[in-house]
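Per-entry structural report
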Amino acid sequence: MEELIAPIRELRADIIRMIATAGSGHPGGSLSVIDLLAVLYAKHLRHDPKRPDWPGRDRLILSKGHACPALYAVMAQRGFFPKEELLTLRKLGSRLQGHPERHRLPGIEAATGSLGQGLSMGLGMALAAKMDGTDQRFYVVTGDGEMQEGQVWEALLAAPQFKLDNLTVIVDSNNGQIDGHVSEIMALDPLADKLKSFNWDTRVIDGHDLDAIDGALSAVKTVKGKPQAIVAKTVKGKGVSFMEDNIAWHGKAPNKQECEQALKEILGA
Amino acid sequence: MPKATREAFGEALVALAEKFPQLVVLDSDLSKSTMTADFAKKYPHRHFEFGIAESNMIGAAAGMALMGKVPVCTSFACFLIGRLETIRVAVTLNRANVKLVGTHAGLGIGDDGASQMGLEDVAAMRSLPGMTILQPGDGLEARQAVEWMLQHQGPVYIRLTRQKLDDVHKPGYQFECGKLDVVWEPEPKAKHFQATVLASGGTVGGAVAAAQSLQPKGFAVRVVNAGTLAPFDVDSIEDFAKDSERFVTVEDHNIVGGLGSAVCEAVASLGAGKPVVCLGVRETGESGLPAELYERHGLSAPHIVEACIRNLS
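Every value quoted in this text rests on a predicted model; they were computed, and no experiment measured them. (Residues numbered from 1 in each chain as written. Chains lettered and ligands numbered in written order. Predicted model: local features only at pLDDT ≥ 70, side-chain atom pairs only at ≥ 80, totals over all residues.)

**Describing the overall build of chain A**
A count of helices and strands for chain A gives nine helices and seven strands. Here chain A has a C-alpha radius of gyration of 17 Å; the compact-globule value for 269 residues is 18 Å, and the two agree. Each of the three principal axes of chain A carries a C-alpha extent, and together these read 50 × 45 × 35 Å. Looking at chain A as a whole, 52% of its 269 residues are labelled buried. Relative to all contacts within chain A whose residues are 6 or more apart in sequence, the contacts with residues 24 or more apart total 75%. (Helix = DSSP H or I, 4+ residues; strand = E, 2+ residues; numbered from the N terminus. Rg over C-alpha atoms; globule rule 2.2 N^0.38 Å. Buried ≥ 20, exposed ≤ 12 C-beta atoms within 10 Å, placed from the backbone. Contact = placed C-beta atoms within 7 Å.)

Set out below in structure tokens:
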């Protein structure tokens, strides 16, 4: 995973630049999820940036759509679109909407941002692939706060019933949401136990440990007969000292000075 | 022969299963009521039971549609529309090719009462860009509308009745999406109409009965079936406005946001200057026989008659 360290640093810097340029956005959850997305795209998700509509591709749904700066940064780095386009985030006419929309940007698999819906959509996709007998895999990245939505639990109940072993949910468990810490707003723990009891193959990892992420994503592919959950323990705002686990940075853009400070910390220059 | 449009839908699904190999049916524990049980029995590998969890069913339908399936998602109209947020994002924002089938429309369900009656669904669905809304007026139209829906690329909502409906179309009828169709006019054809009545679904039969009862009294009333509620056929409204003194709308739906609103919007935007008398449900529903409920809530033929000739000398 050594080779991903420098590119991921760039991704973190892109996130900060995009949100600072846009003047709004969600740095906290973008920085917590970026390692997960980077490893997924680099090592596991079968995709072709030159053919984003390739029918045989795997699918990623970023159900926590507000963290799309992270997804856009990864997509640009992998060549879905020119990197310069990143700075159009949230601007009128941009393909990089404030929350992702599939019909605007090739490579986005589903419109998200209304929390709680991504897992249902991923489940439906996985079901269709099972019908067609393909070996495609489906990854849904949710926030932990998002797991408070009832629809998520409907989907968690349904996926094992349909034996969807081609479906993996990755929970970006940063313990933060707009109004405070998840554990204080509406606690989810013991989350892994809940998922296990819903008949999901469940593992808990450090969501910033690249080897652990890679290992978990490899392991889930060997599971037969049931869907898999990866609870990734993360730090909101990871990589920028003044943003880390600071709820204020859930949905706020850094000003010029904060942006410079953040880039300095990330890039070490 | 009288038939509930939900029955015609269930028969059409089975009849069309081979023609549409990507068709799949999703249910939320109501397949016996939404009439998908026969399809489920005949094509078990293409039928998915989601349990009493409509949000997940609709979201999963969107996912299946994005993989090329043609998912038909059924429940009572009221339970589907209760998941408007999932419909708004997973279906319409994604432009997903999902077919939402809401049965048990309106007061016409009868004795199950208010909580089971879909009375707000059309209003909500009309506010979603790209959503086609169909409400067939009899079994013949329902069968054809279902076939049209399956070949159409894009989200569709179809609203069906629990109660049996009399045939309002002649045997040679051809469904055309987006077109209002005249189901009854006095013979010989009048040059001038006291009213053009627009009805949809469960109210079309009553509108025809009302118009027929007015003919011997010297009133010429045309009855139009609104089988497509969105996109709405404004061109035909323009034509009807030329020879009609007024419009009357009658719908088994809340008075706000449905057929009556669509006609008012069309007449106003055309500057057609004709009054529109809207009959629709103004309160929550209640238990009773369908005919009793239509009478009590102002949707029956006598109410339509009154709306057609009120204040006319």
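**A few points about the overall build of chain B**
When helices and strands are tallied, chain B shows 13 helices and 14 strands. Taken against the 2.2 N^0.38 rule, which gives 20 Å for 313 residues, the C-alpha radius of gyration of chain B at 19 Å falls within 12% of a compact globule. Intrachain contacts of chain B at a sequence separation of at least 6 include 81% that bridge at least 24 residues.

**Comments concerning the pairing of strand β11 (residues 221-225) of chain B**
Residue and element names in this part refer to chain B. The buried fraction of β11 amounts to five of the five residues, a majority that puts the element mostly inside the structure. The alternating pattern of β11 places Val221, Val223 and Asn225 and Arg222 and Val224 on opposite faces, both of which are buried. The sheet contact formed by strand β9 (residues 181-184) and β11 spans three bridges and is antiparallel. Its bridge partner lying in β11, valine 182 is registered against valine 224. Relative to β11, strand β10 (residues 195-199) runs parallel, the two sharing five bridges. By the bridge assignment for β11, leucine 198 is matched with valine 224. (Pairing = 2+ DSSP bridges.)

**Focus: the environment of glutamate 286 of chain B**
Residues and elements named next belong to chain B. Mapped onto the elements of the fold, glutamate 286 is located in the loop between β14 (276-281) and α12 (290-296). On the basis of neighbour counts, which here come to 14 C-beta atoms within 10 Å, the residue glutamate 286 falls in the partly exposed class. Along the backbone, glutamate 286 and isoleucine 133 are 153 residues apart, and their C-alpha atoms lie at a distance of 25 Å. Setting aside anything within four residues of it in sequence, one finds glutamate 286 in contact with Gly113 and Ala114.

**Description of the domain arrangement of chain B**
All names here are of chain B. Looking at chain B, the domain boundaries give domain 1 (3-165) and domain 2 (181-309). A C-alpha centroid distance of 26 Å is found between domain 1 and domain 2. Within the residue set of the side of domain 1 that touches domain 2, elements represented by two or more residues are α7 (121-126), β6 (132-134) and α8 (139-151). Among the residues making up the side of domain 1 that touches domain 2, the classes are represented as 13 nonpolar, nine polar and five charged. (Domains from an automatic or database assignment. Nonpolar A, V, L, I, M, F, W, Y, C, P; charged D, E, K, R; others polar.)

**Some points on the sheet that holds β9 of chain B**
Residues and elements named next belong to chain B. Read from one edge to the other, the open sheet built from five strands follows the order β9-β11-β10-β13-β14, with strand pairing classed as mixed. The two strands at the open ends of the sheet, each matched to only one other strand, are β9 and β14. Along the sheet, successive strands turn relative to each other by an average axial angle of 30°, direction set aside. As paired elements, strand β13 (residues 247-254) and β14 share five bridges and run parallel to each other. Within β14, the residue paired with valine 250 across the bridge is leucine 279. The strands that helix α9 (residues 204-214) touches are β9, β10, β11 and β13; relative to β11, the one it contacts most, it runs at about 165°. Here helix α11 (residues 259-270) sits on the sheet in contact with β10, β13 and β14, set at roughly 145° to β13. (Axes fitted to C-alpha atoms, helices over the stretch in contact; angles between N-to-C directions.)

**Digging into the sheet that holds strand β5 (residues 99-103) of chain B**
Residues and elements named next belong to chain B. With respect to topology, seven strands assemble into an open sheet ordered β3-β2-β4-β5-β7-β6-β12, the strand pairing being mixed. In this open sheet, the two edge strands, each paired with only one partner strand, are β3 (47-49) and β12 (228-230). Within the sheet, the average angular offset between the axes of one strand and its neighbour, ignoring direction, is 20°.

**A few points about the interface of chain A and chain B**
The interface of chain A with chain B comprises 21 residues on the first partner and 22 residues on the second. The set of elements that each furnish at least two residues to the side of chain A that touches chain B consists of α4 (118-132) and α5 (150-161) of chain A. Split by residue class, the side of chain A that touches chain B holds 10 nonpolar, seven polar and four charged.

**Some remarks on the environment of proline 106 of chain A**
All names here are of chain A. Within the secondary structure, proline 106 is located in the loop between α3 (68-78) and α4. Judged by the 14 C-beta atoms lying within 10 Å of it, proline 106 is partly exposed. A C-alpha to C-alpha distance of 9.9 Å links proline 106 and lysine 50, two positions 56 residues apart in sequence. Not counting chain neighbours up to four residues away, the residues in contact with proline 106 comprise Pro52, Asp53 and Phe80.

**A short note on the nonpolar core**
Among soluble globular proteins, nonpolar side chains are generally buried collectively. Residues and elements named next belong to chain B. Residues Val197 and Ile304 are the most contacted members of the largest nonpolar core, which totals 183 residues. Built from parts of two domains, this core gets at least three residues from each of domain 1 (3-165) and domain 2 (181-309). Ignoring sequence-local partners within four residues, the contact set of valine 197 consists of Ala207, Ala211, Val221, Arg222, Val223, Val224, Val248, Val250, Ile304 and Cys308. (Core = buried A, V, L, I, M, F, W, Y, C linked by C-beta atoms within 7 Å.)

**Considerations on the confidence of the model for chain B**
A low pLDDT score tells you not to read the predicted coordinates there in detail. Confidence in the prediction for chain B averages 97 pLDDT; 100% of positions are at 70 or higher. This prediction of the complex comes with two scores: 0.97 for pTM and 0.97 for ipTM. (pLDDT = per-residue confidence, 0-100.)

**Some details on α3 of chain A**
All names here are of chain A. With nine of 11 residues buried, α3 is to be regarded as a mostly interior element. Those residues of α3 that are buried are in contact with α1 (2-22), α2 (27-44) and β1 (59-62). Glycine 79 sits one or two residues past α3 and shows a positive phi near 100°.

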